[in-house]
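Structural characterization, general
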Amino acid sequence: MAETKREIERKYESDESGLPDLTGVAGVAAVVDKGVAELDATYYDTADERLAKDAITLRRRTGGSDAGWHLKFPVAPDVRDEIQAPLSDTLPREIAALVRSRVRDSELLPVVRLRSARDVRELTDGDGRLIAEVSVDAVRAERLTGDGGDAQWTEIEVELADGVDPAVLDKVEKRLRKAGVRPSASPSKLARALAETAPGKRTKKPAKGKKAEKPEKTGKSAKAEEKASGSDGVAAPAPPVTAGDHVLAYLREQRDAIVGLDPAVRRDTYDSVHRMRVATRRMRSAFRSYGKLLDRGVTDPIGEELKWLAGELGVDRDQEVLTERLTDALGALPRTLLVGPVRTRLRTWSHARRGGSRRRLIAVLDGRRYLALLGTLDALLAGPPLLKPAAGDPGKVISRAVRKDFDKLAALVEQALELPPGHERDTALHDARKKAKRARYAAEAAVPALGDPASSLVKSMKSVQSLLGDHQDSVMTREALRELSRQAHPAGESTFTYGVLYGREERRAADVERELPDLWKPIREGVPL
């Protein structure tokens, strides 16, 4: 069974002088020598190094205290999530699944072997508790693919212990810098190994007693190169110029979000399903909003596949929302209004529905249809079906598209407000909510081109969407309460509490309908585009 660990660490350049004295670091009472461990790790990737391009590392390592398979995802600067699985000859299926959205049908190959002599020190506080582990790693790298070479270097790694304030890393770094130690230019051992063992960059071993030669400097500083190419070394896309450029940049963000969130959805990380679903909706919405820029004959079929994926994701998400809303509603009721095993009934109902939807969602992510969709999105962005208006001025072309979406929303809101309370109004308000999302997403895509007016519209659309979302949640909650009541009654349980909650939800919906005109009027009169 794989386990997940949050890894917070920093890497530094080193030479034969080794590790400076760290006993003067604030809060460090002792530096404990834990000896030297011999580590042997083989890193896997596709032939075109897709994992490395996304700063993801996958390795099989022997030696040390955590031998096994390790998969690392970047979270933030100096922070990665490491998923660990027991040592085996073949890649565990649960680890393979987490890289499937990037690997697709390509084969994972051994690309680099790193053998390290790790000299470990533990920093402990006055009570003997571990604060951080500091190691000096003498690394030998060997390229296993192509006509690559080998390399060797020494680095210092400082890893924070679990539950310790990250400010400790700043204190250790201050001491290291004072001793002349500088942060590593590479974000990981693998990144350095790939760079230094690439074909044509075979590194000579330093002569005994001599330091390894530093990489040749170019006219650009390291910071400038990083800014130009991105933190993973991949060339950053050119800044958008035309209307089409802006729309494609937005679509690319959504594709990257779908692919990037796949592992989090599989691991059931909080809010990951919702965020992935939103990315599919944003992309589909952009196809429609900017249909004058992109050939609908190409994008409409892709939009249908995105709608399918959003629907599959929504089964789990909708159940989460309903369960949270009903749980909160029960918590707000006086004990005198809780009649019968209502909480138990809710838990049973929720677990049964979510258990099935969870299995179904994983099957979707493992299916051919989903992988085909990812491939189609890649192909679309590689060769976008741009129409003539896509070459136009963003200020004019994009603003027209955004205004068109807003006008459609305005018509729906005003139509809904004219209807009497009931099913027809509920349906009309739900349609308006969907149009509010579309107008919001269109405005989001327009922000880089239009600036403050688009940002202001995004904010207004969020307010409308939120209010109409509360209304729709009330509609869905009432349907769930009817279902719970139908299950409870044959079992001889009281349905009184479900009726109380139903009445409260009706009042909440009515409150939204009264608030909507006051929210909508200033937005309608002051639309910035």
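Note that the structure is a prediction, hence the values are computed from the model and not measured.

Further remarks concern the overall build of the protein. Each helix and strand in the protein was counted, giving 15 helices and 8 strands. Referenced to the eigenvectors of the C-alpha coordinate spread, the extents of the protein come out at roughly 90 × 65 × 45 Å. Within the structure as shown, the protein displays about 27000 Å² of accessible surface, and the carbon and sulfur contribution to it stands at 51%. Both charge centroids of the protein, one from 93 positive and one from 84 negative side chains, sit 2 Å from each other.

Below, the discussion takes up the pattern of salt bridges. Tallied over the entire structure, the rule returns 53 salt bridges. The salt bridge involving Arg296 is made with Asp300; its shortest N-O contact spans 2.6 Å. Here Arg296 pairs with Asp300, and both are found in helix H9 (residues 296-332), just 4 residues apart, close to one helical turn. For Asp300, a relative accessible area of 33% corresponds to the partly exposed category. Here Asp405 and Arg438 are joined by a salt bridge, their closest N and O atoms 3.2 Å apart.

Two numbers describe how helix H7 (residues 243-266) lies on helix H11 (residues 368-382): the axes approach to 11 Å, and their chain directions differ by 150°. Put simply, H7 runs roughly antiparallel to H11. Considering how the two elements wind past one another, H7 and H11 form a crossing that is left-handed. Contacts from Leu248, Leu251, Arg252, Arg255, Ile258, Val259 and Asp262 in H7 reach Tyr370, Leu374, Leu377, Asp378 and Leu381 in H11. Per-class residue counts for the contact of H7 with H11 are 8 nonpolar, no polar and 4 charged.

Leu251, Tyr290 and Tyr370 are the most contacted members of the largest nonpolar core, which has 68 residues in total. The contacts of Leu251, once residues within four sequence positions are left out, are Met283, Ala286, Phe287, Leu294 and Leu381. Residues Val28, Val136, Leu169 and Val181 belong to the second largest nonpolar core, which totals 19 residues.

Right, let's get into a positive patch on the surface. The grouping of Arg288, Lys292, Lys307, Lys404 and Lys408 at the surface amounts to a positive patch. Topologically, Lys292 is positioned in the loop between helix H8 (272-289) and H9. By relative accessible area, which is 58% here, Lys292 ends up exposed.

Our next topic: helix H13 (residues 423-450). With 28 residues, H13 ought to run about 40 Å at 1.5 Å a step, and its terminal C-alpha atoms sit 39 Å apart, in line with that. Glu444 marks where H13 bends most, by close to 30°; the proline Pro448 follows one to four residues later. Where H13 terminates, the next one or two residues include Gly451, which has phi positive at roughly 70°.

Bringing the environment of Gln152 into the picture now. Summarising the element assignment, Gln152 is placed in strand S8 (residues 150-160). Gln152 sits 10 residues away from Glu142 along the chain, and the two C-alpha atoms are 8.8 Å apart.

When pLDDT drops low, the exact placement of atoms in the prediction is not to be read closely. Summarising the model, the protein shows a mean pLDDT of 91, and 92% of its residues fall at 70 or more. The spread of mean pLDDT over the elements of the protein runs between helix H6 (residues 222-229), the lowest at 43, and strand S3 (residues 57-62), the highest at 98. Scored below 50 in pLDDT, residues 203-234 shows 24 contacts in the model against residues more than four places distant or in partner chains.

This brings us to unusual backbone geometry. One non-glycine residue, Glu49, lies in positive phi territory at about 55°. You can call Glu49 partly exposed: its relative accessible area is 22%. Positive phi, close to 70°, is recorded for Asp78, a residue that is not glycine. Assignment of secondary structure puts Asp78 in the loop between strand S4 (68-76) and strand S5 (79-85). For Asp78, a relative accessible area of 39% translates into the label partly exposed.

Before going further, it helps to spend a moment on the packing of aromatic side chains. Taken as a whole, this structure holds 2 aromatic pairs when the rule is applied. On the basis of an interplanar angle of 45° and a centroid distance of 5.4 Å, the ring pair of Tyr44 and Trp69 is categorised as tilted. Of this pair, Tyr44 sits in strand S2 (residues 30-45) while Trp69 is found in strand S4, placing the two residues 25 residues apart along the sequence. The pair formed by Tyr44 and Trp69 is uniform in burial state, with each residue classed as buried. In this structure, Arg369 packs its charged tip against the face of Trp308, placed 4.2 Å from the ring centre.

Running from amino to carboxyl end, H8 crosses H13 at an angle of 80°, the nearest separation of the two axes being 9 Å. The angle between the axes of H8 and H13 places the two elements in the roughly perpendicular class. Along the contact surface, H8 presents Val278, Arg281, Arg282, Ser285, Arg288 and Ser289, while H13 presents Lys437, Arg438, Arg440, Tyr441, Ala442 and Glu444. In terms of residue class, the contact of H8 with H13 is made up of 3 nonpolar, 2 polar and 7 charged.

This part takes up the side chain of Asp45. With respect to the helices, strands and loops of the structure, Asp45 is situated in strand S2. Despite being buried, Asp45 has no salt bridge partner; Arg50 is the closest side chain of opposite charge, sitting 7.0 Å away. Polar side-chain contacts of Asp45 include one of 3.2 Å to the backbone nitrogen of Arg50.

Position of Val25 among the secondary structure elements: in the loop between strand S1 (3-13) and S2. On the accessibility criterion, Val25 (5% relative accessible area) is buried. In sequence terms Val25 and Lys174 are 149 residues apart; their C-alpha atoms lie 8.5 Å from each other. Setting aside residues up to four positions removed in sequence, Val25 forms contacts with Lys171, Val172 and Arg175.

Conventions and cut-offs
Residues numbered from 1 in each chain as written. Predicted model: local features only at pLDDT ≥ 70, side-chain atom pairs only at ≥ 80, totals over all residues. Heavy atoms only, no water. Helix = DSSP H or I, 4+ residues; strand = E, 2+ residues; numbered from the N terminus. Areas by Shrake-Rupley, 256 points an atom, 1.4 Å probe, with all protein chains shown as cover. Lys, Arg positive; Asp, Glu negative; His and termini not counted. Charge placed at Lys NZ, Arg CZ, Asp CG, Glu CD. Salt bridge = Lys/Arg side-chain N within 4 Å of Asp/Glu carboxyl O. Buried < 20%, exposed > 50% of the residue type's maximum accessible area, 1.4 Å probe, protein only. Axes fitted to C-alpha atoms, helices over the stretch in contact; angles between N-to-C directions. Parallel < 35°, antiparallel > 145°, perpendicular 65-115°, else oblique. Left-handed = near helix turned anticlockwise from the far one by under 90°. Contact = heavy atoms within 4.5 Å. Nonpolar A, V, L, I, M, F, W, Y, C, P; charged D, E, K, R; others polar. Core = buried A, V, L, I, M, F, W, Y, C linked by side-chain atoms within 4.5 Å. Patch = residues over 30% accessible without salt bridge, like charges linked within 9 Å, V, L, I, M, F, W, Y side chains within 5 Å. Expected span 1.5 Å × (residues − 1). Bend = angle between axes of the 7 residues up to and from the residue. pLDDT = per-residue confidence, 0-100. Phe/Tyr/Trp six-rings, centres within 6.5 Å; stacked < 30°, edge-to-face > 60°. Lys NZ or Arg CZ within 6 Å of the ring centre and 35° of its normal. Polar contact = N/O pair within 3.5 Å; in protein donor to acceptor, adjacent residues only side chain to side chain.

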